[in-house]
Structure formats: structure tokens, C-alpha cells
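Structural overview for review
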Amino acid sequence: MEEPATRESEMSLSDGASDDDLPLTLPTDGSHSGSIRKGCDPFAQTQRSKLQHRRARINQQINKEMRMRAGAENLFRATSNNKVKETVALELSFVNSNLQLLKEELEELNSNMEVYQTDSEAINVPMIPLGLKETKEVDFTLSVQDFICEHYGEDSSLYDKEVKELMELRQAMRTPSRNQAGLELLMEYYNQLYYLDQRFFPLHRNLGVHFHWYDSLTGVPSCQRTLAFEKGSVLFNIGALYTQIGARQDRSATAGIDKAIDAFQRAAGAFNYLKENFSNAPSLDMSCPSLCMLVRLMVAQVQECVFERITLTTRDTHFTSQLRLAQEAARVSDVYLLVQQTMTQPLMKDYVPFSWASMVQVKSEHFRALSHYHAAVALCEHTLSAEDGSDEEAEKAFLQFYVNVPAEPTLIQVLQDPEKSRKLGKAHLRRAVIRHEEAMRVHSLCKILRKMDILQDVLCLTHKRSLDKYSELDREDDFDETAEAPEIQSQTHQKPDITPPNFSTVQVSDIFQRLGPLSVFCARARWGPVRVICLQRGEGGLGLTLRGDSPVLVAGVVPGGCAAEAGLREGDYIVAVDGEDCKWSKHGEVVQMLKSCTDRGVELSVITLHSHDTQQVDKRTIMLSLGSDKENTRQQRLLGAAKGQSSASLLNWNRKKKREGSGLTRRLGSTFSLSFGSLRDTEAMY
């Protein structure tokens, strides 16, 4: 299952990062405090935790069976012994049967919507939440320690505390609580991955850490070494957690409905962000068709909440109010129909749980029935007299109510004639009853939906209400065949917003700040070994010019001066003065250290960036980041083919071209490409 990560896929993750992705603040004093956010107790015996534990167990069993199948398939292809082939074929059929049973069990867990619903006694149609992606533990210790020794030239044992904190943060991220604190925990880890990428993921090599994640719906494992896969999976879980928060809201009051709308809109934003910025995901749940389906599903659930809120606030049976409810219900039906069509696409048809597809179809039929019911209420409880021309608003609303306006009788005649209104209302109720019965039929075909008592209660209550209303309008002398009700024009007064994730709301600081400012001390930069320069103050001073903060740069060296004779060079960065670390020191602090030196002189520890290598990196970075999605995909296919791997296994981080270029210039250009003579206002000679 493991696919080697490519250099391009790792590169695209960091180089395309926009300002929206970066943490809100970057401390400049080198200080750091651990995370205050913690995950849930993994041993807590709540319904939701039990469900997640069962999911994790099934995921591990699926992983084991798939490894056995892969080994059996390899043996089947390699052997020429017919008896061995027969034995292996028998074993393969047994493994495939086990896999099918496990996937059916996992599908039943994924369809367990009631666990995530509100505890309120109000009768509402259940929402569809999404389970979190499971992941294995990751041990960063050896890889990070080796990189610190090799790349940064420091004693890695000094950073044991930071490595432990990183691993504890990832462990906590695996079990987020189902509230704002859980979202902030996921956001914190997501933001921390930016720093981790900058510190330990260079362009020319791989860190060697493997990230294992399981598909949210099928449990199929995927393993990648690229940090983009880790980042995308965390982002997926942010969206999934929003769906659970939205599903648990008490929608019997407007406050709960508003919270549900906000949660589902943010879930749609997270999935949409993932769809637009990731390509060639190794698991189906993060593929473009799946994310498109999830975005549409969240939008549909937002539209459903909008209808529920209007229903709560509309207590009267006024004509225009009922028409508005009818059009809102028609809109909900339309968006669920769009979700249903997305779920029946070839790639999604066998992937989406049957209970999800059934629930979406039930809702589409249910809200179409409600649309016709409210149209009937509007027609039967409101009429206009021929002499009364004051109700122009009602006439205008009714003229825009249908997709195709019937020729006979005209709509004005219908409003002015109670008998014509009754007959048209009866036609709408007939269609409402038919739609209710279709919703109940689809509901009865799904074993999992049949277990949901609240859904059955909603369907039965609305069906009975429409039947009772139809009985009121039905007359013994009504021998005319009921006409076909026109199709209602769907319309909404609140279009759903897709709210993208705002990563800057959660402030984080770099766990490995003590390595130095990220502008210089990062995985992309290369520098020579630390040089120790002993300076003695002469008659003309030390003979050097300093500029900037954290770290302070040697902007110039006076030819023939003390600094030049000691071996100090223009472009050196001062990392320590007399053994005292000053990577994070301000310009004035370093100057004060130099001025306070005694007659014995001062000892400077400096490093020199390899500007030539850096410029090559910068150029290569810009070329890759500005490449089109097609070019990235083409390069991935070539690399995958060369190594005998499938291109679908590669995860690439793609950004909008404009944002890629500008973000790159800001971050890399300001550090490496800046000429020493471009800024003179902060320079001073000593």
C-alpha cells in the first residue's frame, strides 16, 4: 500500500502556502509554550467513542486482510505450479469474503447517524454526519533528531522536549472533542505542520516519516511520506468534525438552527478548500468526485436548515407566507436531487453508503411533498374577490409561483374563484400524497433507515397531515378527474454560503523555535559550519556594519579592518556572542553585546548562507509552483511510471498561480535574494 512520495508533491505543499494558511503570529523572542488543547480521553465509554473504537478496529482488520490479499496475489502471479495456484485462489476468495463482510460492517457504522444527532425530543429529520479519518501513531523522534544533527549541526538531545510535544500534539489530534475546542486542536496541528514542513522537509530529500491514514468510508489504508497527505487528512477531519457539530444541534429553536447552518457551511468550506488545493489523492474520500459530493451534501443540509427556520418563524397561514414555504421546500428538494445525482456517478455509486443514498432520496421526495402541501394550504385558505384589487402582492407572488403558468384557468381566475382554488389545491395535495408515499417506500427498502424511529415518525406525521387535508377538500359530488398540479418554481431567500476555513483564528508558535528564525534556519536553506571569529577592537572600531534583526546580518566589512583581518565576511549571520545564543536577538541587543566587550575582545559565532545553492532552490521552487495543474499531474505520472507506481497514489498541493508567486517572493525572496545594499536605514557601523 505504500507509495514513495515525490519531491514535487512535497514541494507544492509549502511553496503554495498563502497568508491565510500561515499562523496568526510568529513569536520573535524564541520563546515557546506547549499546547493547552488536549484530545478526548480515548478510553471514555461514550457512544461516539465506542463507535470510533469499532471503526478503528475494523480499519486495522481491513488493513490486515488487504496485506494478505496483496501477498496472495503476488504469489499467484509468481508461481507456475497449478496446485499452488489453486490453493492461493481458494485463499483469495476467503480473504475477499472477509473484506466484503468488514466493509459492510464499516458501512453500517458510517450509517449510524443517530449517535451524532441531538438529544432533544423535537421531531426533526436527521442530518448526515461524517466519521473522522483514523490514523496510526507516528514516531518523529529518530527522523527529527537525525535531521537536527545533520542539517542544523546541533545536539539533538537538547530538543527532546520539543519532539515529545510534537508527538503529544499529534496524538491528541487523533481524538478531538466534538465542540469548538476539538476544532481548535485540529487547527493548531494543521498550522503546526506549516512550521514542521519549513524546518524538516527539504527539497532534495525525504524525512522518512510515514503517515498512515484510513479512508473515512471504506477503511482502506493509505501510506505516504509527503506532508501534504498529512495536512490534507487533518483538513478533511476538520470538515468531518463540523458535520458532527452541525448534526448534534437542537433544531427546535432558531438559535440551534443558526448554529447548524454555520457548522454545515464551514464543513462545505473545508471540503471545498481541500478539493481546490489537493489533486491525485491516494484515498477515495479525498478524491475530487467525493469532495464534490460532500460539498453538495453540506449545502443541501444548510438549505434544509433554512427551510426549518422559516417554518419556525412562519406561524400564520397567510397566502404569500405559504407560497414562500412551498418554494423553499421545492428548493431543498432540488438540491437533494442534485446530491442524489452526484452519488449515482460511476465512481461514487459503489463508494457511498447505501443508507446515505437512500436518505438523500427520501429527503428529496419528502420536501417535494411538503412543497405541494404548502401550495395547497395557500390556495385553500386564501381567496380574492373580483372587486378587490388591493392584494397585488399576492397576485404577483402567485404569477411567479409555477415553472410553467397554466393557460386555463388563468391564475387570477383561480384566486378569484374558491371552487377553482379548491380543485387546484386538491391537485397539489394529490401530488403531495404520492411523494410522501414514495419517500416512505424508499425508506422501507433500507434496513438502517428503518431502525431510525425519528425519521419514520416525521414521514408518517407529514403523510397523515396531507391525507387529512385531502379528505377535507374531497367531496362526494366531485366527479371530475383531479387535474395535474403544475411544477412549483423553487426559490430561496437565503442562499447557502461556503465558508472557507480561517486558519489564522488559532494562534500557534513554532515548537522548534530554538533552532532559530525560520527566515534563515529552515530546511530549504543551506549554510556552512559555524565559524568562531575573535575580534579585537582597534582604533577604528571593529570595522563591520550590522543590519536587521533575528538574526543580525553583517552587511559590510571595512577592508583592512579588525573584522576583515579576523575572517568575518559580508553576508555572515551572527548566531552567538561570547557563547551566548543571539539567533533571536534584536539589532540593538547585539550592538550592546559588542559595545560591552572588554580589552580581551569579543568572540562571534557566525554562519554563511550558500547563496548560490539558495538561488538555485529559489528558481526551481518558482518554476514548480507556477506550473499548471496539468504539468504537475504529467510530472507525477512520469515519475510514477518510472518507479512502477500508480500516478493516482501521489498527492499534490496546488494553489492559485497568482497567490503562489506572491507568497513565494515574500517568503524566499526577502531572505535569500535581497541585495545587501538595498536597506540602509537600519544599518550602523561599529
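On a predicted model such as this, the values are computed, not experimentally measured, just so you know.

Looking only at helices and strands, one finds 22 helices and 11 strands in the protein chain. Buried residues in the protein chain amount to 53% of all 686 residues. When contacts within the protein chain are restricted to residue pairs at least 6 apart in sequence, those whose partners lie at least 24 apart make up 81%. Put simply, the protein chain shows about 31000 Å² of open surface, and 51% of that area lies on carbon and sulfur atoms.

In this structure, Pro-500 sits in the loop between helix H17 (453-473) and strand S4 (531-535). Exposure remark for Pro-500: the relative accessible area of 48% places this residue in the partly exposed category. C-alpha separation for the pair Pro-500 and Gly-269, spaced 231 residues apart in sequence, amounts to 4.1 Å.

When strand S1 (residues 211-214) meets strand S2 (residues 221-224), the two strands line up antiparallel, connected through four bridges. Its bridge partner lying in S2, His-212 is registered against Cys-223. In textbook terms, the turn of a hairpin is the stretch between consecutive antiparallel strands, and for S1 and S2 this stretch comprises six residues, one of which, Gly-219, has a positive phi near 75 degrees.

Here we take up the packing of helix H7 (residues 227-247) against helix H8 (residues 254-277). The description of two helices packed together rests on the angle between their axes and the distance between the axes. Between H7 and H8, the least distance of the axes is 8 Å, while the angle of their chain directions is 160 degrees. On the basis of the axis angle, H7 is roughly antiparallel to H8. In the packing of H7 onto H8, the handedness of the crossing is left-handed. Contact residues: H7 offers Gly-232, Leu-235, Phe-236, Gly-239, Ala-240, Tyr-242, Thr-243, Ile-245, Gly-246 and Ala-247, while H8 offers Ala-260, Ala-263, Phe-264, Arg-266, Ala-267, Ala-270, Phe-271, Tyr-273 and Leu-274. Here the residues of the contact of H7 with H8 sort into 14 nonpolar, four polar and one charged.

This next bit is on the nonpolar core. Phe-140, Leu-196, Phe-200, Phe-211, Phe-271, Trp-356 and Phe-512 are the most contacted members of the largest nonpolar core, which has 114 residues in total. If you look at the next biggest cluster of nonpolar residues, it comprises 20 residues, including Ile-574, Val-577, Val-590 and Met-593.

With that settled, the discussion passes to unusual backbone geometry. In this structure, Pro-551 follows Ser-550 across a cis peptide bond, with omega equal to -5 degrees. With respect to the helices and strands, the residue Pro-551 is situated in the loop between strand S5 (544-547) and strand S6 (552-557). Of note in the backbone geometry, Ser-550 takes a positive phi value of approximately 45 degrees without being a glycine. Topologically, Ser-550 is positioned in the loop between S5 and S6.

Relative orientation of the contacting elements helix H12 (residues 354-380) and helix H15 (residues 418-445) amounts to 165 degrees, with a least axis distance of 8 Å. Classified by the angle between their axes, H12 and H15 sit roughly antiparallel to one another. The handedness of the crossing between H12 and H15 is left-handed. For the contact of H12 with H15, the class distribution of residues is 15 nonpolar, nine polar and six charged.

Judged by its relative accessible area of 11%, Ser-550 falls in the buried class. In this structure the side chain of Ser-550 is engaged in a polar contact, spanning 3.0 Å, whose partner is the backbone oxygen of Trp-584.

This brings us to H12. In this model, H12 (27 residues) spans 39 Å end to end at C-alpha, consistent with the 39 Å of a helix rising 1.5 Å per residue. The buried count for H12 comes to 23 of 27 residues, which makes it a mostly enclosed element.

Okay, a negative patch on the surface next. A surface patch of negative charge is lined by Asp-578, Glu-580, Asp-581 and Glu-603. With respect to the helices, strands and loops of the structure, Asp-581 is situated in strand S8 (residues 580-581). Using a relative accessible area of 45% as the deciding quantity, one classes Asp-581 as partly exposed.

In this section: the packing of aromatic side chains. Geometrically, a pair of aromatic rings is defined through the distance of the ring centres and the angle of the planes. A complete count under the given rule lists 17 aromatic pairs for this structure. Relative to Phe-503, the ring of Tyr-273 lies with its centre 5.6 Å away and its plane at 70 degrees, an arrangement referred to as edge-to-face. Residue Tyr-273 is located in helix H8, and its partner Phe-503 is located in the loop between H17 and S4; the two are separated by 230 residues in the primary sequence. Here Tyr-273 and Phe-503 have matching classes, each one buried.

A complete count under the given rule lists 22 salt bridges for this structure. Note that Glu-304 and Lys-363 form a salt bridge whose closest N and O atoms lie 2.9 Å from each other. Placement of Glu-304 in helix H9 (residues 288-313) and of Lys-363 in helix H12 is noted, with a sequence separation of 59 residues between them. Accessibility assignment for this pair places Glu-304 and Lys-363 in one class, buried. The shortest N-O distance in the salt bridge between Glu-487 and Arg-368 comes to 3.4 Å. Remark: Arg-368 occurs in helix H12 and Glu-487 occurs in the loop between H17 and S4; sequence separation between them is 119 residues. When its relative accessible area of 6% is taken as the criterion, Arg-368 is described as buried. Taken together, the shared-partner salt bridges in this structure form one network comprising Asp-334, Arg-368, Arg-430, Arg-431, Glu-484 and Glu-487.

We now examine the pairing of strand S9 (residues 602-608). Side chains on a regular strand alternate between the two faces of the sheet. Of all the seven residues making up S9, six are buried; the element is thus mostly covered by neighbouring parts of the structure. Note that S4 and S9 share five bridges and pair antiparallel. Looking across to S9, one finds that Arg-531 is bridged to Val-606. In the sheet, strand S7 (residues 572-577) pairs with S9 via five bridges, with the strands oriented antiparallel. Bridged to Ala-576 within S9 is Ser-605.

Moving on, we get to the confidence of the model for the protein chain. Atom-level detail of predicted coordinates should not be read off regions where pLDDT is low. On average, residues of the protein chain score 78 in pLDDT, and 75% of them reach the 70 mark or higher. Note that residues 385-390 has pLDDT below 50 and, in this model, two contacts with residues that lie over four places away or in other chains. In this model, residues 612-681 is a region of pLDDT below 50 whose contacts with residues beyond four sequence positions or in other chains number 129 contacts.

For the rest of this paragraph, the subject is the side chain of Ser-156. By the element assignment, Ser-156 lies in the loop between helix H4 (141-152) and helix H5 (160-173). Leaving out residues up to four positions away in the same chain, Ser-156 has contacts with Gln-145, Ile-148 and Cys-149.

What counts, and at which threshold
- Residues numbered from 1 in each chain as written.
- Predicted model: local features only at pLDDT ≥ 70, side-chain atom pairs only at ≥ 80, totals over all residues.
- Heavy atoms only, no water.
- Helix = DSSP H or I, 4+ residues; strand = E, 2+ residues; numbered from the N terminus.
- Buried < 20%, exposed > 50% of the residue type's maximum accessible area, 1.4 Å probe, protein only.
- Contact = heavy atoms within 4.5 Å.
- Areas by Shrake-Rupley, 256 points an atom, 1.4 Å probe, with all protein chains shown as cover.
- Pairing = 2+ DSSP bridges.
- Axes fitted to C-alpha atoms, helices over the stretch in contact; angles between N-to-C directions.
- Parallel < 35°, antiparallel > 145°, perpendicular 65-115°, else oblique.
- Left-handed = near helix turned anticlockwise from the far one by under 90°.
- Nonpolar A, V, L, I, M, F, W, Y, C, P; charged D, E, K, R; others polar.
- Core = buried A, V, L, I, M, F, W, Y, C linked by side-chain atoms within 4.5 Å.
- Polar contact = N/O pair within 3.5 Å; in protein donor to acceptor, adjacent residues only side chain to side chain.
- Expected span 1.5 Å × (residues − 1).
- Patch = residues over 30% accessible without salt bridge, like charges linked within 9 Å, V, L, I, M, F, W, Y side chains within 5 Å.
- Salt bridge = Lys/Arg side-chain N within 4 Å of Asp/Glu carboxyl O.
- Lys, Arg positive; Asp, Glu negative; His and termini not counted.
- Charge placed at Lys NZ, Arg CZ, Asp CG, Glu CD.
- Phe/Tyr/Trp six-rings, centres within 6.5 Å; stacked < 30°, edge-to-face > 60°.
- pLDDT = per-residue confidence, 0-100.

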